[in-house]
Amino acid sequence: MKTPLNSRDTSRVAVPDVNALLRKLPKIEMHLHLEGAIRADTAVELARKNGVALPPFKQPQDLYTFTDLPSFLVVYSAIAQAVKTSEDFHRITYEMLEHCARSGARRVEFFISPHAHHGIDFKTQFHGIRAGMRDAATDFGVSAGFSPGVNRELGPAAGEEYLDRILENRCDELIGLGLDYNEPPYPPEPFAALFARARASGLRLSAHAGETAPAAFVRGAIDALKVDRVDHGYNIMNDPELLEHCRAAGLMFTCCPSNTRSTFSGVAMSDPRHPLRVMREAGLVMSINSDDPTMMQIDLTHEYKMAMDELGFTPADIRSSILASVEHCWLDEATRRQWLRDWPDEIDAILAPMVNS
């Protein structure tokens with residue numbers, strides 16, 4: 001029996017490999033912490049080499065077990081202590097950028113925590129990081145820039161001294177300043193003078209706000225710190241007026257889907273009240289990022305897949321997010337214009353099997 005020409009033989013229709021397609025997409029990673037991207041086996045090797053005690057573990061990956069942000073930061077700080085020499089910083093930077101490149105990242109803007117490496121001068125840290133960036137650019141074609149994060153728990157006075165040391169070691173690869181660590185009870189406003197000085201020095205600004213703290217922390221980051229983008233920002237969903245203000249202003253929010261599993265553990269990804277769903281429905285400018293990929297045992301492709309499978313992002317949403325990251329990343333203008341010309345067609349060609357399936 002012949003099959004009519006106008007009938008569709010569904011048994012022969014190829015099902016697109018969504019994970020492979022998402023991995024091929026050109027991407028920009030805008031929210032990643034270097035110390036949260038150290039491979040577990042690397043952390044163990046460096047700790048043994050440098051005589052640093054780590055929390056108890058049977059297998060290296062056991063180190064990356066935590067239940068909330070405070071317990072995560074304990075592990076984060078312990079791992080950071082294992083990184084001592086310029087060569088160590090080169091290694092963790094190179095391995096991080098390799099990991100990102102394997103997920104299709106062509107630009108990585110990452111945070112570093114110099115204060116977490118007690119006793120290691122900033123010159124040593126920056127030298128190793130920059131060397132790792134150069135080698136990764138050669139080997140994987142990925143460009144990068146880094147932003148030191150101010151530990152808000154240490155207070156603004158310590159932050160001013162921190163900024164002094166950062167500016168003493170200024171380099172082209174240093175692109176911004178962030179604000180991170182535990183939010184409550186450390187609001188953004190006391191850091192206003194520090195951030196104004198950083199901006200006057202030519203650094204771009206972002207702040208972790210509204211991840212575990214209320215929407216008022218997002219407002220403070222915008223009004224007092226005058227940030228160029230907000231990192232996380234999820235609790236903005238509880239302030240409709242602020243939500244609309246940020247939508248109208250086109251402010252970028254660097255979001256990390258896996259992060260919300262712990263920060264909003266009581267809200268299912270499928271729940272319309274999930275912050276990333278609320279933010280997307282409200283029309284906020286959002287990028288998809290991996291935050292602390294090796295500690296969370298994920299990669300950037302995983303986050304894109306989670307956005308589609310669990311958070312309701314469509315191929316059109318993915319496309320918009322990627323192009324928004326090009327618009328809002330801290331990249332030289334010539335490259336930005338080139339990517340804005342080239343990437344739409346490349347993205348459309350990669351996503352076509354998903355759109356047409």
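It should be noted that the structure appears before, not after, this text.
Residues numbered from 1 in each chain as written. Predicted model: local features only at pLDDT ≥ 70, side-chain atom pairs only at ≥ 80, totals over all residues. Heavy atoms only, no water.

Visitor: Sorry if this is basic, but what is going on with the overall build of the chain here?
Guide: Along the backbone of the chain there are 15 helices and 8 strands. Referenced to the eigenvectors of the C-alpha coordinate spread, the extents of the chain come out at roughly 80 × 50 × 45 Å. In the chain, which comprises 357 residues, the share counted as buried stands at 54%. Accessible surface, the chain: about 15,300 Å² in total, of which carbon and sulfur atoms supply 52%. Looking at charge distribution, the chain has the averaged site of its 37 positive side-chain charges lying 4 Å from that of its 49 negative ones. (Helix = DSSP H or I, 4+ residues; strand = E, 2+ residues; numbered from the N terminus. Buried < 20%, exposed > 50% of the residue type's maximum accessible area, 1.4 Å probe, protein only. Areas by Shrake-Rupley, 256 points an atom, 1.4 Å probe, with all protein chains shown as cover. Lys, Arg positive; Asp, Glu negative; His and termini not counted. Charge placed at Lys NZ, Arg CZ, Asp CG, Glu CD.)

Visitor: Just to check I follow, could you spell out the packing of aromatic side chains for this structure?
Guide: The full count for this structure, using the stated rule, is 9 aromatic pairs. Taken together, the ring pairs connect Phe110, Phe122, Phe126, Phe146 and Tyr162 into an aromatic cluster. Note that Lys27 overlies the ring of Tyr304, its terminal NZ or CZ placed 5.6 Å from the centroid. The side chain of Arg280 reaches across the aromatic face of Phe313, ending 5.2 Å from its centre. (Phe/Tyr/Trp six-rings, centres within 6.5 Å; stacked < 30°, edge-to-face > 60°. Lys NZ or Arg CZ within 6 Å of the ring centre and 35° of its normal.)

Visitor: In this structure, what is going on with the sheet that holds strand β7 (residues 252-255)? I would like to understand it.
Guide: Reading across from one edge, β1-β2-β3-β4-β5-β6-β7-β8 is the order of the 8 strands in this open sheet, with parallel pairing throughout. Strand pairing shows two members of the sheet lacking a second neighbour, β1 (27-33) and β8 (285-288), which therefore form its edges. Averaged over all pairs of adjacent strands, the angle between their axes in this sheet comes to 25 degrees, without regard to strand direction. Contacts from helix α15 (residues 333-356) reach β1, β2 (105-112) and β3 (143-151) within the one sheet, and its direction differs from that of β2 by about 115 degrees. (Pairing = 2+ DSSP bridges. Axes fitted to C-alpha atoms, helices over the stretch in contact; angles between N-to-C directions. Contact = heavy atoms within 4.5 Å.)

Visitor: Would you mind going over the side chain of Glu183 with me for this structure?
Guide: Within the secondary structure layout, Glu183 lies in the loop between β4 (176-180) and α7 (192-200). Polar side-chain contacts of Glu183 include one of 2.9 Å to the backbone nitrogen of Thr212. When sequence neighbours within four positions are dropped, the list of residues in contact with Glu183 reads Arg152, His208, Ala209, Gly210, Glu211, Thr212, Ala213 and Phe217. (Polar contact = N/O pair within 3.5 Å; in protein donor to acceptor, adjacent residues only side chain to side chain.)

Visitor: So what exactly am I meant to see when it comes to the side chain of Thr260 here?
Guide: Structurally, the position occupied by Thr260 is in helix α10 (residues 260-263). Within the structure, the side chain of Thr260 is placed 2.6 Å from the backbone oxygen of Pro257, a separation counted as a polar contact. Non-local contacts of Thr260, meaning those with residues more than four positions away in its chain, are made with Tyr234, Ser265, Met269, His274 and Leu276.

Visitor: What am I meant to see in the nonpolar core here?
Guide: Among soluble globular proteins, nonpolar side chains are generally buried collectively. Formed by 110 residues in total, the largest nonpolar core has its most connected members in Phe110 and Phe253. With 7 residues, the single largest contributor to this core is helix α3 (residues 69-80). Discounting residues that sit within four places of it in the chain, Phe110 has contacts with Leu32, Leu34, Thr93, Met96, Ile129, Met133, Ala144, Gly145, Phe146 and Ser147. (Core = buried A, V, L, I, M, F, W, Y, C linked by side-chain atoms within 4.5 Å.)

Visitor: Quick question: what am I supposed to make of the pattern of salt bridges here?
Guide: Under the defined criterion, the tally for this structure stands at 24 salt bridges. A salt bridge links Asp41 to Arg39, with the shortest nitrogen-to-oxygen separation between them at 3.1 Å. For Asp41, a relative accessible area of 34% puts it in the partly exposed group. For Arg261, the salt bridge goes to Glu310, with nearest N and O atoms at 2.8 Å. Of this pair, Arg261 sits in helix α10 while Glu310 sits in helix α13 (residues 300-311), and the two are 49 residues apart along the sequence. Among the charged side chains, a salt-bridge network with shared partners connects Arg39, Asp41, Glu45, Arg91 and Glu95. (Salt bridge = Lys/Arg side-chain N within 4 Å of Asp/Glu carboxyl O.)

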